[in-house]
Amino acid sequence: MKRTLLDDQWSFWLNPSSRPDPKEEEPMVVDLPHDFSIIQEREPQCAGGASNGFFPGGTGLYEKKLFAPKDWENQSVILEFEGVYMNAAVRVNGHLVAQHPYGYTSFHCDIGPYIRCGEENRITVFVNNSAQPNTRWYSGSGIYRHVWLLTGSSVHIAPWGVFASTPKAGPDLSTVHVETTAANTGSDASDVSVRSTLQDQNGVEAGRSETALRIEPDDCSTSVQDIHVRNPRLWSPDDPYLYKLHSEIVRDGAVIDSTETMVGLREIAFDAENGFRLNGTEIKMKGGCVHHDCGLLGSAAHDRAEERKVQLLRSNGFNAVRCAHNPPSPAFLDACDRLGMLVIDEAFDCWREGKKPNDYNLYFQMWWQEDMRSMVLRDRNHPSIIMWSTGNEIIERDGRSQGCCYANELADYVRSLDDTRPITNALCGLWDDPPTLDKTDPGTDAWAQVTAGFTEPLDVVGYNYLLHRYEKDGQLFPGRVLYGAETFPKDAYDYWEEVTKHSYVVGDFVWTALDYLGEAGIGHVWHHGEVGFLGDYPWHQAFCGDLDICGFKRPQSYFRDCVWGHAEAPYIAVYKPQFYQLESRISEWGWPDVTSSWSWPGMEGMPTAVEVYSRDEEVELFLNAKSLGRQPAGHAHRYTAVFELEYEPGELMAVGMNSGEESSRTILRTAGRPTAIELTPDRSFLNGQGDDLCFVTLELLDQNGNPAHHAADRLFITTSGPGELIAVGNGCPTSEEMYIGNQRRVYEGRAMAVVRANQGPGQIVLCASAEGIPAANVTITVS
């Protein structure tokens, strides 16, 4: 079917008093993707609380006018929503055509019976995210992913109707198994042929198959084909090569419908003896968990923002991502395919037993099958996906509330839709006294006993924060394959040691790779006797990511570089002098309160400590050219050398040593007051034909070009030309500033602005200024 993007120019009403007539209330005009939570002020009394980052929810009404030409009569007309959070009600010309509670799965609406051809039609989508709390993290609100219009013949390839898999993938010969489901909404049977053609990236045909198919009226039929590809180029993280599958419906010699699917040829296998193998080669997954939000943009799933997330992960050593705890956007998965990122695609955070009063537990019983079907059918062609996850820390994991029965039912249903990938589920420890526990044996292993039935249908078991069980369960459950589905950042060394030690431990996924909104302050460091799992207002970021919400590396990311073997130079982590002598409490998800800066005005002479993360055998530290001695580092000393000293402005230098010889060095210099603004765009050229973005780093420098890490100046940002400023922000987890507007303070000397290209061509000029500092400009070309 023909796919047309319907993202532009929607009328939007926030918290309408009623589902308004456009004449009664003046709407905003918005382009999708759109998140109406991120544009509202955070409030301490928000019902979603710290879990939702103190962002409000509410209701929203979207309206789009759609002209239906006469030739749509007797054709199929379908709307596809990639994601609406949450409780979407879709109407066409006043008719209710679809309702969809779950905010993370895509869905279709057949609007053909309700449109008036030759006229303008009114589409409305009412979104209800007012029942708070309903999430453990920031959800966002609204139509936060793309909307598509699908039009075509009454005989057409069904949406998500092509399924391409590779039962055999070898360097000499691979087989692409293609199942194509065609639909017939007409009143007569139709005899057609299904033609599937595989092409390489140069457009050269790699294989073809054509099969006759009869489709009865108001029914669907599926063709089954095998395409054999000689000397194929296999997909892997190191070489994410994609072929293009052209699928066509042919009737009486004419193509009446077609679609294209990107296909990666690869073979996956898991077993306890050989671990995880991709194309016959063992791979250890260097993974991270990632929520669906795009940081400064809230939940709005702009294609470029999703791609950038994957690029950031790849450039920081990750080869795998776990989508927590819901299906991601199609754009995110497309980027994983192109860039070579392995994916665990996850369905739910809860089943019948809820974690928040208004979460998915209210809908699970009636909707789980439809939502699981949506995830699998939509995503099953992505070569990056190597596991399906049926859930995360499901309360029924201990067998209560028919948990074992549902574990089997969900796993069986997924296999009925796709039996080419293993099924997993992420289990943590027990939160309470399980009602299913047999207490007659006081020496029983409670966790092993009550979760055995739940894990039985799983092919691979995810372990959340269960490092102490890795060795034990390798003996207790022979043949079990497991991975760290969530792991603590500060225990990265220990977790990775176990991954490399055991073949049946196939990877490690830190919580989290990218920081996120909501679950505010889970990565806290308390200095003043605070208590609590999460932070009070104004905390709103989780503050636990290897990378902050702008994508800037945090200290733990540099430590992980050492653990994974990517570090090339020492990283100097300085304890903040004002907190060093306090008795601090670091969250399990936190990291010591260190930063790579030697600029601490007013703290001269105060004691502090420096940790140097290094793969080198030893590290020698120099302060103003004076040696403070050498300390061991490298693998044998958990990649950390520790020095105690007093703060003295100047130059701090760490020199990595191997066999007594210098191998690398890192220098920090004390910065003066900021005198310049440096603007660094992530890209200099944008596409003016779509939803393209540029992420611009704004950094304050002193007169010598040193980063003014101590600065907290407010920046004022403007744009001119064919683009608009859509977000501003920084990595401060307790800032009360909004992520929209034209101003933002820097945090640790940096901030970020996001520019969206409008219809080009032309040049966008972004200007940043601050009081007492000359303005700076950067030019971005829109083609």
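For every chain, the first residue of the written sequence is number 1, and numbering continues from 1 onward in sequence order. Whole-chain, interface and lining totals are the exception, using all residues; otherwise, since this is a predicted model, local features are given only for residues with pLDDT of at least 70 and side-chain atom pairs are given and counted only at 80 or more. Excluded from the side-chain calculation are hydrogens and water; included are all heavy atoms of the structure.

*Asks:* Any chance you could explain the overall build of the chain here in plain terms?
*Replies:* Each helix is a run of DSSP H or I of at least 4 residues and each strand a run of E of at least 2, with the numbering of both proceeding from the N terminus. When its secondary structure is counted, the chain shows 9 helices and 47 strands. Only the C-alpha atoms count toward the radius of gyration. The rule for a globule is 2.2 Å times the residue count to the power 0.38. A compact globule built from 783 residues should have a C-alpha radius of gyration of about 28 Å, and the chain, at 27 Å, falls within 12% of that. In terms of overall dimensions, the chain has C-alpha extents of about 90 × 65 × 55 Å along its principal axes. Out of the 783 residues in the chain, the part that is buried amounts to 61%. Should any heavy atoms of two residues lie within 4.5 Å, those residues are counted as being in contact. In the chain, once contacts between residues fewer than 6 apart in sequence are set aside, the share between residues at least 24 apart is 70%. Working convention for charge: Lys and Arg count positive, Asp and Glu count negative, and His plus the chain ends are omitted. The atom standing in for a charge is NZ when the residue is Lys, CZ when it is Arg, CG when it is Asp and CD when it is Glu. The distance from the centre of the 65 positive side-chain charges to the centre of the 110 negative ones in the chain is 1 Å. Each residue is placed in one exposure class: buried if its accessible area under a 1.4 Å probe, protein chains only, is under 20% of its type's maximum, exposed if it is over 50%, and partly exposed if it falls in between.

*Asks:* Help me understand helix α2 (residues 330-339) in this model?
*Replies:* In an α-helix, one full turn covers 3.6 residues, which means residues spaced three or four apart are oriented alike. The buried count for α2 comes to 7 of 10 residues, which makes it a mostly enclosed element. Taken together, the buried positions of α2 are P330, A331, F332, L333, A335, C336 and D337. Where α2 is buried, its residues meet α1 (303-315), β22 (320-323), β23 (342-346), α3 (364-379) and β24 (385-392). G340 sits one or two residues past α2 and shows a positive phi near 85°.

*Asks:* Whenever I open this one, the pattern of salt bridges confuses me. Can you help?
*Replies:* Where charged atoms from two side chains of opposite charge come close, those side chains can pair. Salt bridges are defined by distance alone: a side-chain nitrogen of Lys or Arg within 4 Å of a carboxyl oxygen of Asp or Glu. Applying the stated criterion across every chain, the model contains 43 salt bridges. Two residues, K309 and E306, come together in a salt bridge whose shortest N-O distance is 2.9 Å. Within this pair, K309 and its partner E306 are both found in helix α1, separated by 3 residues, close to a single helical turn. Residue K309 is classed as buried on the basis of its relative accessible area of 8%. What you see here is one network of salt bridges that share partners, running through R136, D349, K355 and E519.

*Asks:* Looking at this structure, how should I read the nonpolar core?
*Replies:* Among soluble globular proteins, nonpolar side chains are generally buried collectively. Working definition of a nonpolar core: buried Ala, Val, Leu, Ile, Met, Phe, Trp, Tyr and Cys residues. They are joined through side-chain atoms within 4.5 Å. Residues F276, M285 and F348 are the most contacted members of the largest nonpolar core, which totals 113 residues. Ignoring sequence-local partners within four residues, the contact set of F276 consists of I268, A269, F270, T281, E282, I283, M285, L342, I386 and V506. One finds V30, Y62, V84 and I123 within the second-largest nonpolar core, a separate group that totals 30 residues.

*Asks:* When you look at the sheet that holds strand β11 (residues 155-169) in this model, what are you seeing that I'm missing?
*Replies:* A pair of strands is treated as paired once DSSP finds two or more bridges between them. Within the open sheet, the 3 strands sit side by side as β11-β12-β15. Their pairing is antiparallel. With partners counted over all chains shown, the strands left at the sheet margins are β11 and β15 (219-230), one partner each. In this sheet, neighbouring strand axes are inclined to one another by 15° on average, regardless of whether the strands run parallel or antiparallel. When β11 meets strand β12 (residues 173-184), the two strands line up antiparallel, connected through 9 bridges. Bridging across to β12, A164 finds its partner in V178. What counts as an axis is a line fitted to C-alpha atoms, over the stretch in contact for a helix, and the angles between N-to-C directions run from 0 to 180 degrees.

*Asks:* Any chance you could explain unusual backbone geometry here in plain terms?
*Replies:* Working note: non-glycine residues mostly have negative phi, and peptide bonds are mostly trans. A cis amide bond, omega 0°, links L32 with the succeeding residue P33. Mapped onto the fold, P33 is located in the loop between β3 (28-30) and β4 (58-68). A cis geometry characterises the amide bond from W511 onward to T512, with omega recorded as -5°. By the element assignment, T512 lies in the loop between β28 (505-510) and β29 (525-526). Even without being a glycine, Q9 presents a positive backbone phi close to 60°. Mapped onto the fold, Q9 is located in the loop between β1 (2-5) and β2 (10-14).

*Asks:* What's the story with the side chain of Q556 in this structure? I'm lost.
*Replies:* Its place among the elements puts Q556 in helix α8 (residues 555-563). Overall, Q556 belongs to the buried group, its relative accessible area being 2%. There is a polar contact of 3.3 Å between the side chain of Q556 and the backbone oxygen of G545. There is a polar contact of 3.1 Å between the side chain of Q556 and the side chain of D546. In this structure Q556 touches P489, C544, G545, D546 and W591, once residues within four positions along its chain are discounted. For this analysis, a polar contact is any N or O atom pair within 3.5 Å, provided that within protein one partner can donate a hydrogen and the other can accept it, and provided that sequence-adjacent residues contribute only side-chain to side-chain pairs.

*Asks:* I would appreciate a short explanation of the sheet that holds strand β8 (residues 107-110) in the present structure.
*Replies:* Backbone hydrogen bonds hold the strands of a sheet together, and the pairing may be parallel or antiparallel. Strand order across the open sheet formed by 4 strands is β1-β10-β5-β8, with antiparallel pairing between neighbours. Bordering the open sheet on either side are β1 and β8, each of which pairs with just one other strand. Strand-to-strand twist in this sheet, taken as the mean axis angle between neighbours without regard to direction, amounts to 25°. Two elements, β1 and strand β10 (residues 147-152), share 4 bridges in a ladder whose sense is antiparallel. Residue L5 lies in a different strand from β10, and its bridge partner there is W148.

*Asks:* Hey, could you run me through the pairing of strand β34 (residues 618-623) in this one?
*Replies:* In summary, the side chains of a regular strand alternate between the two faces of the sheet. Most of β34 is tucked away: 5 of the 6 residues are buried. As consecutive antiparallel partners, β34 and strand β35 (residues 626-632) are separated by 2 residues, and within that stretch N624 has a phi angle of approximately 50°, a positive value. Where β34 lies against strand β37 (residues 651-658), 6 bridges are found, and the strand directions are antiparallel. What sits directly across from F622, in β37, is M653.

*Asks:* What is the right way to read the side chain of N425 from this model?
*Replies:* Structurally, N425 can be placed in strand β25 (residues 423-427). Assessed through its relative accessible area of 1%, N425 is described here as buried. Among the polar contacts made by the side chain of N425, one reaches the side chain of T390 at a distance of 2.8 Å. Filtering out sequence-adjacent residues up to four positions away, N425 remains in contact with W351, S389, T390, G391, N392, I394, F454, L458, V460, V461 and G462.

*Asks:* What's the story with the pairing of strand β6 (residues 88-92) in this structure? I'm lost.
*Replies:* Across the 5 residues that make up β6, a large majority, 4, are buried. By the bridge criterion, 5 bridges tie β6 to strand β7 (residues 95-100) in an arrangement that is antiparallel. Considered in β7, the bridge of R91 is made with L96. Between β6 and β7, which pair antiparallel one after the other, the connecting turn spans 2 residues, and N93 there sits at a positive phi close to 50°. Relative to strand β9 (residues 119-129), β6 runs antiparallel, the two sharing 4 bridges. Among the inter-strand pairings, V90 is bridged to a residue of β9, identified as V125.

*Asks:* For this particular structure, what's the right way to read the packing of aromatic side chains?
*Replies:* For any pair of aromatic rings, the description rests on two quantities: the centre-to-centre distance and the angle between the ring planes. Here a Phe, Tyr or Trp ring, Trp counted by its six-membered ring, pairs with any other such ring whose centre lies within 6.5 Å, and the pair is stacked when the planes are under 30 degrees apart, edge-to-face when over 60, and tilted otherwise. Scanning the model with the defined rule gives 41 aromatic pairs in all. Between F348 and Y360, the aromatic rings sit 4.9 Å apart at their centres with planes inclined by 15°, giving stacked as the arrangement. Here F348 is found in the loop between β23 and α3, whereas its partner Y360 is found in the loop between β23 and α3, with 12 residues between them in sequence. The residues F348 and Y360 share a single accessibility class, namely buried. We call a charge positioned above a ring when the Lys NZ or Arg CZ atom is no farther than 6 Å from the ring centre and deviates by at most 35 degrees from the ring normal. Seen from the ring of Y558, K553 lies directly overhead, with NZ or CZ sitting 4.7 Å from the centre. Over the aromatic face of F552 sits the side chain of R750, whose NZ or CZ is 4.0 Å from the ring centroid.

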